[in-house]
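What follows is the residue order along each chain.
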Amino acid sequence: MPKPESIALIGFMGTGKTSVGKALAPKLGFRVMDVDTYIESHEKRKISEIFDKSGEAYFRSLEKKAVSELAQQKGLVITTGGGVVLDPENIQALRQHALIIALLASPETIYERVKSSKHRPLLQKEDVMAEIRHLYEDRAPLYQAADLKFETDGQTPSQVAQIIFEALNKRNSV
Ligand code: S3P
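Participant: Describe in detail the pattern of salt bridges, supporting the description with residues and values.
Facilitator: Taken as a whole and judged by the stated rule, the model has 13 salt bridges. The partner of E131 in a salt bridge is K125, and the shortest N-O contact between them spans 3.7 Å. Judged by its relative accessible area of 16%, E131 falls in the buried class. One network of salt bridges, in which partners are shared, links E56, R60 and E63.

Participant: How would you sum up the sheet that holds strand 3 (residues 76-79)? Please name residues and give values.
Facilitator: Pairing is parallel across the open sheet formed by 5 strands, whose spatial order is 2-3-1-4-5. Two strands bound the open sheet, and with one partner strand each, they are strand 2 (31-34) and strand 5 (148-151). On average, each strand axis in the sheet is inclined to that of its neighbour by 25 degrees, with strand direction left out of account. Here 6 bridges tie strand 1 (residues 6-11) to strand 4 (residues 98-104), and the two strands are oriented parallel to one another. Opposite S6, over in strand 4, you have A98 as the bridge partner.

Conventions used here
Residues numbered from 1 in each chain as written. Predicted model: local features only at pLDDT ≥ 70, side-chain atom pairs only at ≥ 80, totals over all residues. Heavy atoms only, no water. Salt bridge = Lys/Arg side-chain N within 4 Å of Asp/Glu carboxyl O. Buried < 20%, exposed > 50% of the residue type's maximum accessible area, 1.4 Å probe, protein only. Pairing = 2+ DSSP bridges. Helix = DSSP H or I, 4+ residues; strand = E, 2+ residues; numbered from the N terminus. Axes fitted to C-alpha atoms, helices over the stretch in contact; angles between N-to-C directions.

None of this, on its own, says anything about what the molecule does.
Structural data, given as structure tokens:
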């Protein structure tokens with residue numbers, strides 16, 4: 001199995017995609033590209049402002065465009081937003097060059113990681129745990145589309161990156 005041309009990290013909010021991507025990319029000699037950051041730099045405004053002023057559907061159209069552009073490149077670790085799996089065409093686009101890796105975590109772990117975050121528009125709710133459970137129920141099956149899956153409960157991003165790196169090396173040597 002040759003080294004993948006790119007890697008795409010998918011997973012629910014708070015599974016550590018961005019931090020794991022930053023730690024993983026240099027191990028592979030890849031550049032990290034975060035879909036949300038890419039959108040923010042093109043739009044010149046924050047994701048929360050895009051949701052607020054233009055709505056989720058508009059955000060999803062920007063997300064789809066960003067994914068289709070980044071998916072054409074090689075040598076990237078593409079870190080995605082938790083909702084990227086809602087549109088199957090995003091996953092199809094990422095598959096052009098990327099091995100798709102899902103980061104998994106329990107709703108309780110996710111809650112602990114995101115509870116004080118102010119930048120996630122979908123979680124600006126009174127009952128954050130209930131919202132996580134609700135979204136999780138819809139989305140958990142979609143992350144199963146990944147080629148490889150890793151549990152992140154109880155692990156730091158650098159530990160997860162190392163585990164992924166070792167799994168990729170093992171996979172490449174068979
Ligand atoms: C979203 C997750 C966010 C961001 C946006 C929507 C989602 O990214 O793309 O707020 O639908 O789950 P993170 O997964 O990096 O928090």
